[in-house]
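Remarks on the overall topology
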Amino acid sequence: MLHKIYQKLILRYPLSVLILLISSVLILGMNISKLEIDASAETLLLHDDKDLEFSRTITKRFQTNDVLILAYKPKQGLLSEKSLQTLTRLSDDLEELPGVESVDSMINVPLFFSPIRDMDDLISETRTLQSDDIDLALVKQEFLTSPLYKDRLVNKDFTVSSIIIQLHQDPVYFTLLEKRNKLLQKQETSSLTKEEKQELSDTTAAFKEHRDRQRVLDEENIKEIRSIITKYQDDALFFLGGTQMISNDIVGFIKNDLLIYGSTLILMIILVLGIVFRKLRWVILPIFICALSVIAITGSLGFFGWEITVISSNFIALQLIITISIVLHLIVRYEELLARYPRASSKRLVLYTILTKATPTFFAILTTIAGFSSLLFSHILPVINLGWMMSAGITMSLVIAFIVFPTMLMLLKKTPPLKQKRSLAFIPSLTAKIVLHDKKAIYIVTLLTVVFSITGASQLIVENSFINYFKKDTDIYKGMKIIDQELGGTTPLDVILTLPDTNSTLPHTAATENNTEELLDSFEDEFSASEDQDQYWFTDEKINLIKKVHNYLTRIEQIGEVQSFATLLDTGKVLNDNKELDSVDLALIYQKLPQKYRDVILTPYVNIEHDQLRFSTRIIDSNEDLRRDALLKKIQHELSQSIDPDVAKVQLSNLMVLYNNMLQSLFRSQILMAGLVLLIVFLMFLVLFRSLKLTVIALIVNVIPIGMVFGFMGWLDIPLDIMTITIAAIAMGIGIDDTIHYIHRFQVEFEKDNRYYPSMHRTNNSIGNAMYFTTLVIVIGFSILTLSNLIPTIYFGLLTMFAMVAALTSDLILLPKLLLFLKPFKSVK
């Protein structure tokens, strides 16, 4: 059938077929402008995570905003007149931005101990650094010792101060998100009506439109903040931090890498192709096919509205690897046939090239897709999308290569066969000699490699540190490190205590003893009753519980800032002549406290309506001993053990929990799916080779390079994170391709004379060249990625290069050695 398609269509009408294909690809390419990059926190969360729903609920109840933290390090002292003037002007400029709700800094935070005053005076008059007759010595002492400000507003050395930029909440975003998610949940559990389906479609479109618009505003907000900062850089050093800033900068790095390193990678590949093949057509044709493949897949992604995320940002590079591999195998096979049959017509050479490479290439692509299929079982949408992207992209590369390659050669004039320089193609020949003369060394090295892999893999850790995404000499890393180590940490973690409903046991007040009918008649009386009940919510038992949890959290080395109602209690103790505040004191303070103060010091940490307490912490992301999953389990376990479940239920929340859930889920899915993928590959090998012995050999040869990659990562302390955890699928995809081509060619060569050693030599010097040239081109091309400022991109480049070399070594040395030892092929008479 394939023979007929090429004979009667593709090779008969090459120009028409080529024009049709290029036109189709260009039509798809019109959607490239719709392709977007999304590095927001939402892309790194499990879409079915119960903790995500809980986290959003907590955000609503405690009215917490997203914040940016600006580290301010003036050239003069923090409390010098010039530094305070700069800080005042800077704060005013920041507050005028449309995306900023408020700005908290040394200038406007309330001063409680400068000097210490009566509680009534504090409530009636708020003093700040801008007030008259401020004693700067007392202010400095307060900032360095106050539970509210130490290690949060200023560092221990009193050289750096933080400016907390409160960003505007986006209620429309969460309203649309909730509406969409409710409809999606109903769709999963039951069927939607026609009206509900339309509502889901409209809501999804409205959500995406609003999110995209808000993303642009957020990006402009970051740019405007940085623009304001530049005006004051002569007077101070500034370092900006916060999750929104990290997301924004990662997008910038990704775009920069795609533009600069992507184009440089192409130039490097062109250079290597020119040196290896020394024919213009063998430089232009692979690049042309790669370009068409990339345009086709990116255009398709734009058409279907899929987005590039941090996880899938390297899919174009992966696409290039697979496409280059396909094309180089076709080129080497064509040159072999041309050298063997120089007088054959171009049509016969092209047809024979396609027919002899179709089966191994098809199965190589099929098994590569199986390798990437493990990503589809993740619960993280960007990871699932990467699996689909690669599966679709690889399929497109196969179709485009097998149409463009023959049609272009039919349109081009046949050239003399390529005389390969021995200096370039010596590796396959050398490996053949090593295999031939070796007795036990290959097996010993293989055993040592297995030991290296197992011991290295046992040291792997599953971590995801955003500060380690950037090189240490970059401004973003330096800024994040200062904020992380000197101003309270980076990644937010909340500890939530849910108490039993205490409404029924609250003391009766004068209002609650009024006649019920009178309460129903007067809303004001009812509201007053509620207010009176609230003031008695703070019992001594609750106060002790709050202090106990707060003190526990402050003792954990990996936690920086801890803020809770205990912070207010500690502040109140100083103001109360170092006497602890009891429930009566708190009831009196609560009654006198204006609503604006409640919103600042109470609402973020206490929710009386739902009987919940919030302890807000930030994790020191740069702590080398930090093991996120272990830390979260430790906190959950120890608090649950020390607090009676009848007294309070302990739950952890915020980004620290959500990111960890995502990473652990991805790790579990990849480990669990590794066995299934190997089983699928095993069955495919069995169908292709129709030999159990050959199948086992092929599987061993592919498992060892994957083990080497994980061993390499373990010994070099490269963690498994959202980027590197997908390397197993990549390594398997690369290795399987070479293995299938090698065994298929070995089988063809063996059928000629039924002799293993000559067959091995011929295979290494034919298909071995294609494998070697593919690895050479990719390794040299991808070496440019190691110059990126984004550490995950550097790791991706290094691990891909290592996986390519490991796969080539295994296929050119271990594979032929096992074939010669086990002799799986039957003699053909």
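Residues numbered from 1 in each chain as written. Predicted model: local features only at pLDDT ≥ 70, side-chain atom pairs only at ≥ 80, totals over all residues. Heavy atoms only, no water.

Take the pattern of salt bridges next. Going through the model one piece at a time under the given rule, you end up with 26 salt bridges. The salt bridge involving Glu-336 is made with Arg-333; its shortest N-O contact spans 3.1 Å. Remark: Arg-333 and Glu-336 occur in helix H11 (residues 315-340); sequence separation between them is three residues, near one turn of the helix. The salt bridge involving Glu-749 is made with Arg-762; its shortest N-O contact spans 2.7 Å. Of this pair, Glu-749 sits in helix H26 (residues 727-753) while Arg-762 sits in helix H27 (residues 756-764), and the two are 13 residues apart along the sequence. Note on Arg-762: relative accessible area 27%, which makes it partly exposed. Several salt bridges converge on common partners, so that one network encompasses Arg-333, Glu-336, Arg-745, Glu-749, Lys-752, Asp-753 and Arg-762. (Salt bridge = Lys/Arg side-chain N within 4 Å of Asp/Glu carboxyl O. Helix = DSSP H or I, 4+ residues; strand = E, 2+ residues; numbered from the N terminus. Buried < 20%, exposed > 50% of the residue type's maximum accessible area, 1.4 Å probe, protein only.)

This part is about the sheet that holds strand E4 (residues 161-167). Here four strands make up an open sheet; going across it, the order is E3-E4-E2-E5 and the pairing antiparallel. Only two strands of the sheet have a single neighbouring strand rather than two, namely strand E3 (100-104) and strand E5 (236-241). Pairs of neighbouring strands in the sheet enclose a mean axial angle of 20 degrees, with direction left out of account. For strand E2 (residues 67-74) and E4, the ladder comprises six bridges, and the chain directions are antiparallel. Within the sheet, the bridge partner assigned to Ala-71 lies in E4 and is Ser-162. (Pairing = 2+ DSSP bridges. Axes fitted to C-alpha atoms, helices over the stretch in contact; angles between N-to-C directions.)

Turning our eyes to something else, we now look at unusual backbone geometry. Negative phi is the rule for most residues except glycine; trans is the rule for most peptide bonds. With an omega of 0 degrees, the peptide bond between Ser-114 and Pro-115 qualifies as cis. With respect to the element layout, Pro-115 can be found in the loop between E3 and helix H5 (119-124). Positive phi is not limited to glycine here, since Asp-611 has a value of about 50 degrees. In this structure, Asp-611 sits in the loop between strand E9 (606-607) and strand E10 (612-619). According to the relative accessible area criterion, Asp-611 is buried, its value standing at 3%. Backbone geometry at Asp-717 places phi at a positive 60 degrees, although glycine is not the residue there. Considering the arrangement of structural elements, one finds Asp-717 in the loop between helix H25 (692-715) and H26.

Below, the discussion takes up helix H29 (residues 791-822). Spanning 32 residues, H29 covers 43 Å between terminal C-alpha atoms, matching the ideal 46 Å at 1.5 Å per step. Bending of H29 peaks at approximately 35 degrees at the position of Asp-811. Across the 32 residues of H29, 25 count as buried, placing the element largely inside the fold. (Expected span 1.5 Å × (residues − 1). Bend = angle between axes of the 7 residues up to and from the residue.)

Okay, the environment of Lys-194 next. Following the sequence through the fold, Lys-194 ends up in helix H8 (residues 194-230). Taking C-alpha positions, Lys-194 is 54 Å from Ile-270, a pair spaced 76 residues apart along the chain.

A separate point is the packing of aromatic side chains. What the rule picks out here adds up to 23 aromatic pairs. Taking the centre distance of 5.0 Å and the plane angle of 85 degrees together, the rings of Phe-303 and Phe-304 count as edge-to-face. Across this residue pair, the class does not change: Phe-303 and Phe-304 are exposed. The structure contains a cluster of three or more aromatic residues connected by ring pairs, namely Tyr-742, Phe-746, Phe-750, Tyr-756 and Phe-825. (Phe/Tyr/Trp six-rings, centres within 6.5 Å; stacked < 30°, edge-to-face > 60°.)

What follows deals with a positive patch on the surface. On the surface, Lys-4, Lys-8, Arg-12 and Lys-347 cluster together to form a positively charged patch. Counting through the fold element by element, Arg-12 comes out in the loop between helix H1 (2-10) and helix H2 (14-29). (Patch = residues over 30% accessible without salt bridge, like charges linked within 9 Å, V, L, I, M, F, W, Y side chains within 5 Å. Areas by Shrake-Rupley, 256 points an atom, 1.4 Å probe, with all protein chains shown as cover. Lys, Arg positive; Asp, Glu negative; His and termini not counted. Charge placed at Lys NZ, Arg CZ, Asp CG, Glu CD.)

Relative placement of two packed helices is described by the angle separating their axes and the distance separating the axes. Their axes nearest at 9 Å, the elements H11 and helix H12 (residues 346-373) cross at an angle of 150 degrees. Between H11 and H12, the angle is such that the two are roughly antiparallel. H11 and H12 meet at a crossing whose hand is right-handed. Judged by residue contacts, Leu-318, Ile-322, Ile-326, His-329, Leu-330, Arg-333, Tyr-334, Leu-337 and Leu-338 of H11 engage Ser-346, Leu-349, Val-350, Tyr-352, Thr-353, Ile-354, Thr-356, Lys-357, Thr-361, Ile-365, Thr-368 and Phe-372 from H12. (Parallel < 35°, antiparallel > 145°, perpendicular 65-115°, else oblique. Left-handed = near helix turned anticlockwise from the far one by under 90°. Contact = heavy atoms within 4.5 Å.)

A surface patch of nonpolar side chains, about 670 Å² in accessible area, is lined by Phe-377, Leu-676, Leu-679, Leu-683, Leu-686, Leu-692, Val-696 and Ile-700. Ranked by residues supplied to the nonpolar patch, first place goes to helix H24 (residues 655-689) with four residues. Relative to the elements of secondary structure, Leu-686 occurs in helix H24. On the accessibility criterion, Leu-686 (31% relative accessible area) is partly exposed.

With that settled, consider the nonpolar core. One finds Phe-277, Phe-402, Val-404, Phe-405, Met-713, Tyr-742 and Phe-782 to be the most contacted residues of the largest nonpolar core, which totals 133 residues. For this core, the element with the highest residue contribution is H11, accounting for 16 residues. What Val-404 contacts, discounting residues up to four positions off in sequence, is Leu-18, Leu-21, Leu-285, Phe-288, Ile-289 and Leu-292. Leu-68, Tyr-72, Leu-87 and Ile-228 belong to the second-largest nonpolar core, a separate cluster that totals 55 residues. (Core = buried A, V, L, I, M, F, W, Y, C linked by side-chain atoms within 4.5 Å.)

Purely spatial values, then, with no claim about function.
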